[in-house]
Amino acid sequence: MVRVENLYKSFDGKTVLNNITAEFSQGQTNLIIGKSGSGKTVLLKSIVGLHEVDSGRIFYGERDFTGMSSRERKLLRREIGMVFQGGALFDSLTVAENVRFPLDMFTTQTATEKQKRIDFCLDRVNIARDVQRLSPAEISGGMQKRVAIARAIVLNPPYLFCDEPNSGLDPETAKVIDTLIYGITTEFNITTIVNTHDMNSVMEIGDKILFISEGQVEWTGNKTEILYAGNRKLQEFVFANHQYRQLRDDKRSGI
Amino acid sequence: MTFLAHTGRYFALLGKVFSRPERLRMYTAKLFTEIESLGVNSVGLVMILSSFIGAIITLQLSYNLVNPLIPRYLVGLANRDTLILEFSCTIMAMIMTGKIGSNIASELGTMRVTEQIDSLEIMGVNSACYLIMPKITAVIFVFPFLYILSVFCGLVGGLIVGPAMGAISAADYLGGIRYLFVPRFVYLSAFKSLFFGFLVSSVPAYFGYYVEGGAFEVGAASTRAVINTNILVLVLDLILTQILF
């Protein structure tokens, strides 16, 4: 479980996070949604410590992340897997080397054990064995995201963060990524926080949803409740796509 | 940002760079990769530039030192001292800034804007130490070798081109490069090159590591890195020359 309390963050005097309080549950896909520029990425990066918050507290379980020394934070970060918007795979390494990197850095496993783990993780994200020797530049965007997920879970982290995992992907590939994140979350019972503005993802995997607008929490709920929420800003966000207005109307009329 | 702010952040970065590595074996492996990428791959450029400069200095001196009171062997002596004292350490460091420095700045800058550095931080890796320390160590390690290579190639360049063009005899040239030779100058210049190696790697690393934005900013950071490093090399050269010689 990850909990944030009264988070404030500003850049050059402009408030980006304004008193954010939320709880993200274990074994569920927790989504942070909102329009571009609403503060989603800043919130996610603040939770993992890539941005220092101005005030407020962040808890991993019962551990206060904001009160930790840099050494303690480094240790805690080994429990975190993160999938960045662009994948952030290391260009100079092959697919297999990317996934092996955390194993090389933080474990004392033998080469065989490492290879078994790499195979398991890449199989789990449906990456074929012959792709392992390719460099990130030689594979598609969807595959890069899947490799990034494999790298993020290779150390069995209890926390998984995904920043816009579907950006730049076609709807079909995006659904594959969503299903993968959802599957991994339930299978390994981890706390997953996904940052997205993709309504398809919301309806696909939104166990718990936090809607933020202009740096403030506007609404919390789940994928069933979101269609009937009374919040005007949320309605504008959700029903910007007419497909979901239709879906709500159909559900209301029992179709 | 002000000059003082940059200076403070540069030293803070060096503090992060020279901290205890998480897994020494990984850093050692990276060190050898960097020695190859930044050092061994620069050998060709150093050889070509030094040979031509040595040859050109020899020709220029031969054509311009035409006073009968000036012995011909002074051409070899002047070429040798130019190479040993300044060209092969200082000027070569400035040239290497264009190759190695811009490479380091753009590589780190691209890693920053594509979130690869953030990715390392999230894993719990000290990204500054992992990415920058092997580069600095590699460049400091190879610079004295490149210096010696540069001096040798420059002297050979003069030896080949001078007599071939009829500008000076091989005997005069060889006599000149042996005349009043002070080995201490070679040691001191090689020592100077260690400091230049540190600047040529650490200053561009600073500019690359803190890039914000996209491709345009990476290019701009690379340019700033080269300009600032070259100025710092000259300033340090002035200081070291005053102290050491």
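It should be noted that the structure appears before, not after, this text.
Everything numeric in this text was worked out from a predicted model, so none of it was measured.

**Some points on the overall build of chain B**
Then, in step 1: When helices and strands are tallied, chain B shows 9 helices and 0 strands.
Then, in step 2: In chain B, the succession of α and β elements from N to C terminus is α-α-α-α-α-α-α-α-α.
Then, in step 3: With respect to the principal axes defined by its C-alpha atoms, chain B has extents near 70 × 40 × 35 Å.
Then, in step 4: Within chain B, buried positions represent 44% of all 245 residues.
Then, in step 5: Put simply, of all contacts in chain B between residues at least 6 apart along the chain, 87% involve residues at least 24 apart.

**Here we look at the overall build of chain A**
Then, in step 1: For chain A, the helix and strand inventory stands at 9 helices and 10 strands.
Then, in step 2: Taking 18 Å as the expected radius of gyration for a compact globule of 255 residues, we find that chain A reaches 19 Å, a close match to that expectation.
Then, in step 3: If you line up chain A on its principal axes, its C-alpha atoms span 55 × 45 × 30 Å.
Then, in step 4: Relative to its 255 residues, chain A shows a buried fraction of 41%.
Then, in step 5: Put simply, 66% of the contacts in chain A that link residues at least 6 apart link residues at least 24 apart.

**As for the pairing of strand β7 (residues 159-163) of chain A**
Residues and elements named next belong to chain A.
Then, in step 1: Of all 5 residues in β7, 5 are buried; the element is thus mostly enclosed.
Then, in step 2: A two-sided burial pattern is seen for β7, the buried positions comprising Y159, F161 and D163 on one face and L160 and C162 on the other.
Then, in step 3: Alignment of strand β6 (residues 80-83) against β7, held across 4 bridges, turns out to be parallel. Counted as the bridge partner of M82 is F161 from β7.
Then, in step 4: Taken together, the 5 bridges between β7 and strand β8 (residues 191-196) define a ladder with parallel strand orientation. Bridge pairing in β8 places F161 opposite I193.
Then, in step 5: Between the parallel pair β7 and β8, the chain is carried across by helix α6 (residues 171-188), and the sense of this crossover is right-handed.

**Concerning the environment of Y63 of chain B**
Then, in step 1: Mapped onto the secondary structure, Y63 of chain B falls in helix α3 (residues 43-64).
Then, in step 2: Sequence-wise, Y63 of chain B and L120 of chain B are 57 residues apart; in three dimensions their C-alpha atoms are separated by 58 Å.

**A closer look at the sheet that holds β7 of chain A**
Each strand in a sheet pairs with another by means of backbone hydrogen bonds, the pair being arranged parallel or else antiparallel.
Residue and element names in this part refer to chain A.
Then, in step 1: Sheet architecture is open: 6 strands sit in the order β6-β7-β8-β3-β9-β10, paired in mixed fashion. The sheet terminates laterally at β6 and β10 (216-221), the two strands that pair on one side only. Each adjacent strand pair in this sheet contributes to an overall mean axis angle of 15 degrees, direction not counted.

**Digging into the interface of chain A and chain B**
Then, in step 1: On the side of chain B, 13 residues touch chain A, which itself brings 15 residues to the contact.
Then, in step 2: Those elements that provide at least two residues to the side of chain A that touches chain B are α2 (70-77), β6 and α3 (95-106) of chain A.
Then, in step 3: A class-by-class count of the residues in the side of chain A that touches chain B yields 10 nonpolar, 1 polar and 4 charged.

**Remarks on the packing of helix α4 (residues 73-113) of chain B against helix α7 (residues 170-178) of chain B**
Residues and elements named next belong to chain B.
Then, in step 1: Following both chains from N to C, one finds α4 and α7 inclined at 45 degrees, their axes separated by 6 Å at the closest point. Between α4 and α7, the crossing angle belongs to the class labelled oblique. At the point where α4 passes α7, the crossing takes the right-handed sense. Residues Y73, L74, V75, G76, L77 and R80 of α4 form the contact with α7, whose own contacting residues are D172, Y173, L174, G175, G176 and I177.
Then, in step 2: A breakdown of the residues in the contact of α4 with α7 according to their chemical character gives 7 nonpolar, 3 polar and 2 charged.

**A word on the sheet that holds strand β2 (residues 14-24) of chain A**
All names here are of chain A.
Then, in step 1: The strand order across the open sheet built from 4 strands is β2-β1-β4-β5, with neighbouring strands paired in antiparallel fashion. Both edges of this open sheet fall to β2 and β5 (63-64), since each of them pairs with a single strand only.
Then, in step 2: Bridge count between strand β1 (residues 2-11) and strand β4 (residues 55-60): 5 bridges; the pairing is antiparallel. The residue bridging R3 from the neighbouring strand is F59, located in β4.

**A word on unusual backbone geometry**
All names here are of chain A.
Then, in step 1: Phi is positive for A88, close to 55 degrees, though the residue is something other than glycine.
Then, in step 2: For A88, the position within the fold is in the loop between β6 and α3.
Then, in step 3: The class for A88 is buried, based on 24 C-beta atoms found within 10 Å.

**Focus on the nonpolar core**
Then, in step 1: Counting 124 residues, the largest nonpolar core has V99, A150 and F161 of chain A together with M92 of chain B as its most contacted members.
Then, in step 2: When residues in this core are grouped by element, the largest group, 15 residues, is from helix α6 (residues 127-164) of chain B.
Then, in step 3: Setting aside its immediate chain neighbours within four residues, A150 of chain A contacts V99, C121, L122, R124, V125 and I127 of chain A.

**Digging into α3 of chain B**
Then, in step 1: The terminal C-alpha atoms of α3 of chain B, which comprises 22 residues, lie 31 Å apart, in line with the 32 Å expected from a rise of 1.5 Å per residue.
Then, in step 2: In the core, the buried residues of α3 of chain B are packed alongside α4 and α6 of chain B.

**Some points on the packing of helix α5 (residues 141-153) of chain A against α6 of chain A**
All names here are of chain A.
Then, in step 1: Two elements in contact, α5 and α6, have axes separated by 10 Å at closest approach and are oriented at 10 degrees. What the angle tells us is that α5 and α6 run roughly parallel. For the pair α5 and α6, the contacting residues are G142, K145, R146, I149 and I153 in the first and T173, V176, I177, L180 and I184 in the second.
Then, in step 2: Taken together, the residues of the contact of α5 with α6 break down into 6 nonpolar, 2 polar and 2 charged.

**Focus: the pairing of β2 of chain A**
All names here are of chain A.
Then, in step 1: Sheet analysis places β1 next to β2, joined by 8 bridges and oriented antiparallel. Within β2, the position partnered with F11 by the bridge is K14.
Then, in step 2: The hairpin turn running from β1 into β2, its antiparallel successor, is 2 residues long, and D12 in that turn takes a positive phi close to 50 degrees.

Cut-offs used in this document
- Residues numbered from 1 in each chain as written.
- Chains lettered and ligands numbered in written order.
- Predicted model: local features only at pLDDT ≥ 70, side-chain atom pairs only at ≥ 80, totals over all residues.
- Helix = DSSP H or I, 4+ residues; strand = E, 2+ residues; numbered from the N terminus.
- Buried ≥ 20, exposed ≤ 12 C-beta atoms within 10 Å, placed from the backbone.
- Contact = placed C-beta atoms within 7 Å.
- Rg over C-alpha atoms; globule rule 2.2 N^0.38 Å.
- Pairing = 2+ DSSP bridges.
- Right-handed = clockwise from strand over helix to strand, strands pointing away.
- Axes fitted to C-alpha atoms, helices over the stretch in contact; angles between N-to-C directions.
- Nonpolar A, V, L, I, M, F, W, Y, C, P; charged D, E, K, R; others polar.
- Parallel < 35°, antiparallel > 145°, perpendicular 65-115°, else oblique.
- Left-handed = near helix turned anticlockwise from the far one by under 90°.
- Core = buried A, V, L, I, M, F, W, Y, C linked by C-beta atoms within 7 Å.
- Expected span 1.5 Å × (residues − 1).

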